[in-house]
Amino acid sequence: MIGILKIAYRLLVNDRGKFIATLMGITFSVFLMVQVTSLFSGMMKKASSTVTNTGAKMWVMDRSVTNVASAIPLPDYVLDSVRSIDGVRYAVPLYSGGALLRLRDGTYQPVTVLGLDDTSLLGRPRLVAGNIEDIYAENGFIAVQDAEFPKLQNPAIGTEFELNDHRGVIVGIATVPASGLFGMPTLYTTFSRAAQYIPSMRYTMSFVLVEPRDAAAIPHIREEVAKLGYDVVTDDGFVDRITHWYTFRTGMGMNILMMTAIAFLVGLSISGQTFYTFVLENLEKFGALKAIGAKSHELVAMIFFQAIVTGLVGYGLGIGLCSGMVALAKLRMPDYASIITYQNLGLALVMVLVIAAFSGYIAVRKVLRIDPYDIFRG
Amino acid sequence: MVNTAIDARGLTRWFGEGDTRTYAVRDATFAARFHEMLYIVGPSGSGKTTLLSIISGILRPNSGTVAIDGTDVWGLRERQIAALRLGKIGFVFQDYHLFPTLSTRENVAVPLVLKRVAWNEAMRTADIYLDVVGLAKRAGLPPTRLSGGEQQRVAIARAIAAKPELLILDEPTASLDGDTGRKIVEFVKTQVLDDHTCIVVVTHDDRIYSFADRILHMEDGRLLDDGGHHA
């Protein structure tokens, strides 16, 4: 069978015009599919940046919370109650909110402020300048050096600003794994200072961050928090919740789905049509093979082999093209929200295999119907 | 020892039903021996190609039997018939039907590859047969770079590479000038025909009749001769 597949391969690649046209269809289709889905993945990563940057294992929140930005403040007793649950190693509060900053030149800039537990500073970022202890200094804030950093006019340690008529001072510069979705710079400070400086409702805790004793303790913690009337999710669970919300409640998911479907249909139509034409033009030759003695299953194997080879080569080219474009875009736009995940690659591969199977199927139907007698009749 | 290569009896094939039924072949009986070059001649539409298709296991007759080297062709299953064609019959089609995107060598090797001969071995054998037909130096070229006569020789090399017992040539001179056509048929007669091979040629080119050992005439689906039955 290897020899037969070699013939199929040569028939395919030596017909350069058709082969390149089919490849282009699949490559373009894969490029679009991966580009769109990786953009979605990138946006979801940014939307979940607070969760991933903080690194807490479990998050306690109001049951109505759908994402970090929609946090509903929790009463103080929740923190005490969670701390008293058997299986909780420790639990700390987290403040997450928005504020308006007045910069040195008098311009205003909206920022995200994260207030870390005063005692443990759980969830603190990795500093690239300054000392973490300085966060306790008067009016101390740590600025995150990400794509949004220039919006703070590239502050250095000692740079002052105003936050709701309070004086603030940059005491450290930090980096985080992921920047936020909405293009706002991020400042870290202590929980108490955040609650003091930023106007808020009666309650100030956005979330309670929990470290379970071990994985076995998680179900019990869930039960006990549920009894309090609140929700607790793992970090992965929170990321899933955020992704679900953006996917199904904002229209973003449907738009991405439609773009992916359009890319799939483009690939299917171009590749299916070209591959079908390729087989049609070789129909008499396949008939001659049948007359010589090729069996139907051998012809089927040849055609599906050609379809799969085209699909996989196109897949590789599409992935390469997309990776190159994303890398190039990130060079020019550091905040470009696109990450190629294994899920994106897997989805595109499945789509390509469907395209190959469809193209192969319509070609096989034609080839199996050809009567070698027609070859003799000319 | 069986000396009969083809034993065809009472072959009938029609197309259409009722008032539109047309007989392409009607009660054809004939035999052919090994080491015999048999011509089936007649005007266009006389049923030559249909008869050829029936005896080579491509078109099932409505009635009658065909035995190739003692094997009842139409008593076999489809897969067995395909195996019989691959193993015992070599075809030289009127339009050659060479793959333009394969090299000449690869074209000749196709039946060998279908017979599961290892790739390198198939290529070596193809080179040998290309040498036999005088095209050894053209092995790496695609058929589209060859002349009509050369393509015909490639088709012959492909047909004989798998050492068939029955070689079928359908209008072998149709696309060739008179001189080239004669040389091709002479080549087949002198270089291919042996004690283990029977060659059937369908043609209406009377310039090559001189190479025939025996000629059967067809008209309106009937063999006009007695068929020279040797069984």
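What counts and what doesn't
Just so you know, the residues in each chain are numbered from 1, in the order the chain's sequence is written. All chains are assigned letters beginning at A, and all ligands numbers beginning at 1, according to the order in which they are written. Restriction of local features to residues with pLDDT of at least 70 applies here, the model being predicted, together with a cutoff of 80 or more for giving and counting side-chain atom pairs; totals for whole chains, interfaces and linings are based on all residues. The secondary structure listing takes helices from DSSP runs of H or I that are at least 4 residues long and strands from runs of E that are at least 2 residues long, numbered from the N terminus. Based on C-alpha atoms, the radius of gyration is set beside the globule rule, defined as 2.2 Å times the residue count to the power 0.38. Working definition of burial: number of other C-beta atoms within 10 Å of the residue's own, with buried at 20 or more, exposed at 12 or fewer, and partly exposed in between, all C-beta atoms being placed from the backbone. In this description, strands pair whenever DSSP reports at least two bridges between them. Here, residue contact means that the backbone-derived C-beta atoms of the two residues sit within 7 Å. The axes are straight lines fitted to the C-alpha atoms, using for helices just the contacting stretch, and the angles between their N-to-C directions are given from 0 to 180°. Ten residue types, Ala, Val, Leu, Ile, Met, Phe, Trp, Tyr, Cys and Pro, are classed as nonpolar, four, Asp, Glu, Lys and Arg, as charged, and the remainder, Gly among them, as polar. Known as pLDDT, the predictor's confidence for each residue is given on a scale from 0 to 100. Think of a nonpolar core as buried Ala, Val, Leu, Ile, Met, Phe, Trp, Tyr and Cys residues chained together by C-beta atoms that fall within 7 Å. In this scheme, roughly parallel covers angles under 35 degrees and roughly antiparallel covers those over 145, while 65 to 115 is roughly perpendicular and the rest are oblique. In this scheme, a crossing is called left-handed if the near helix is turned counterclockwise away from the far one by less than a right angle; it is called right-handed if the turn is clockwise.

1. Quick word on the overall build of chain A
Assigned secondary structure in chain A consists of twelve helices and ten strands. Whereas a compact globule of 378 residues would reach a radius of gyration of roughly 21 Å, chain A reaches 29 Å, over 25% beyond that. Its C-alpha atoms give chain A principal-axis dimensions of about 95 × 50 × 30 Å. Burial status across chain A gives 43% buried among its 378 residues.

2. Focus: the overall build of chain B
The number of helices and strands found in chain B is six helices and ten strands. Here chain B has a C-alpha radius of gyration of 17 Å; the compact-globule value for 231 residues is 17 Å, and the two agree. Put simply, chain B has 231 residues, and 48% of those count as buried.

3. Quick look at the sheet that holds strand β1 (residues 4-15) of chain B
Residues and elements named next belong to chain B. The strand order β2-β1-β4-β5 describes an open sheet built from four strands, whose pairing is antiparallel. With partners counted over all chains shown, the strands left at the sheet margins are β2 (22-33) and β5 (71-72), one partner each. Here β1 runs beside β2; their pairing, made up of eight bridges, is antiparallel. What sits directly across from I6, in β2, is A32. Of the strands in this sheet, β1, β2 and β4 (63-68) are in contact with helix α1 (residues 48-55), which crosses β1 at around 125 degrees.

4. Describing the sheet that holds strand β3 (residues 36-41) of chain B
All names here are of chain B. On the basis of which strands lie adjacent, the open sheet formed by six strands has the order β6-β7-β8-β3-β9-β10 and mixed pairing. Strands at the two margins of the open sheet, each flanked by one partner only, are β6 (89-92) and β10 (222-223). Bridge analysis of β3 against strand β8 (residues 198-203) gives six bridges, and the strand direction is parallel. Following the sheet pairing, L38 is matched in β8 by V200. In the packing of α1 onto the sheet, contacts are made with β3, β7 (166-170), β8 and β9 (214-219), and the angle to β8 comes to roughly 155 degrees.

5. Some details on the interface of chain B and chain A
With 26 residues of chain B at the contact, the number on the chain A side is 22 residues. Put simply, the parts of the chain that give the side of chain B that touches chain A at least two residues each are α1, α2 (78-88), α3 (104-114) and α4 (119-132) of chain B. Looking at the side of chain B that touches chain A residue by residue, the class counts come to 16 nonpolar, five polar and five charged.

6. Points about the confidence of the model for chain B
Residues and elements named next belong to chain B. Averaged over all residues, the pLDDT of chain B is 87; the fraction at 70 or higher stands at 96%. Scored below 50 in pLDDT, residues 227-231 shows 16 contacts in the model against residues more than four places distant or in partner chains. Complex prediction metrics read pTM 0.76 and ipTM 0.81.

7. Some details on the nonpolar core
A:V60, A:V208, A:V210, B:I40 and B:V200 are the most contacted members of the largest nonpolar core, which has 172 residues in total. If one sorts the elements of this core by residue count, helix α2 (residues 16-47) of chain A sits on top with 13 residues. Non-local contacts of B:I40, meaning those with residues more than four positions away in its chain, are made with B:K48, B:L51, B:L52, B:V200, B:V202, B:L216 and B:M218.

8. A short note on the pairing of β4(B)
Residues and elements named next belong to chain B. Pairing of β1 with β4, which is carried by five bridges, proceeds in the antiparallel orientation. The residue of β4 that forms the bridge with R9 is T65. The pairing of β4 with β5 spans two bridges and is antiparallel. If you follow I68 over to β5, its bridge partner there is T71. Where β4 hands over to β5, the hairpin turn is made up of two residues, of which D69 adopts a positive phi near 50 degrees.

9. Considering the packing of α2(A) against helix α8 (residues 252-281) of chain A
Residues and elements named next belong to chain A. Here α2 crosses α8 at 170 degrees, and the two axes come no closer than 8 Å. Classified by the interaxial angle, the pair formed by α2 and α8 is roughly antiparallel. Grouping the constituent residues of the contact of α2 with α8 by class yields 15 nonpolar, nine polar and one charged.

10. As for the environment of A:Q273
Residue and element names in this part refer to chain A. The topology assignment puts Q273 in helix α8. Overall, Q273 belongs to the partly exposed group, with 15 C-beta atoms counted inside 10 Å. Linking Q273 and G123, residues 150 residues apart in sequence, is a C-alpha distance of 54 Å.

11. A few points about unusual backbone geometry
Trans peptide bonds make up most of the peptide bonds, and negative phi angles are found at most residues other than glycine. All names here are of chain B. Its identity as a non-glycine residue notwithstanding, D27 has a phi of 50 degrees, on the positive side. Looking at D27, the number of C-beta atoms within 10 Å reads 14, which means it is partly exposed. Even without being glycine, D69 reaches a positive phi, approximately 50 degrees. Looking at where D69 falls in the secondary structure, it is placed in the loop between β4 and β5. Of the residues examined, D69 has 17 C-beta atoms within 10 Å and is grouped as partly exposed.

12. Describing helix α9 (residues 283-292) of chain A
Within α9(A), eight of the ten residues are buried, which leaves the element mostly enclosed by the surrounding structure. Burial in α9(A) covers these residues: A:K285, A:F286, A:G287, A:A288, A:L289, A:K290, A:A291 and A:I292.

13. Thoughts on the packing of α3(B) against α4(B)
All names here are of chain B. Running from amino to carboxyl end, α3 crosses α4 at an angle of 120 degrees, the nearest separation of the two axes being 8 Å. Here α4 runs oblique to α3, going by the angle between their axes. Handedness of the α3/α4 crossing: right-handed. Here T104, R105, V108, A109, L112 and V113 of α3 lie close against α4, whose contacting residues are W119, A122, M123, T125, A126, D127, Y129 and L130.

14. Regarding the confidence of the model for chain A
The predicted coordinates of low-pLDDT regions are not to be read in fine detail. Chain-level pLDDT for chain A is 89 on average; 99% of the residues reach the 70-or-more range. In the model of chain A, helix α12 (residues 372-377) of chain A stands out as the element of lowest mean pLDDT, 76, in contrast to strand β5 (residues 140-144) of chain A, which has the highest, 95.

15. Thoughts on the environment of B:F34
Residues and elements named next belong to chain B. Locating F34 in the fold gives a position in the loop between β2 and β3. C-beta crowding within 10 Å serves as the criterion here: with 20 such atoms nearby, F34 is assigned to the buried category. Placed 165 residues apart in sequence, F34 and I199 show a C-alpha to C-alpha distance of 8.1 Å. Excluding residues that lie within four positions of it along the chain, F34 makes contacts with N3, A5, D195, H196, T197 and C198.

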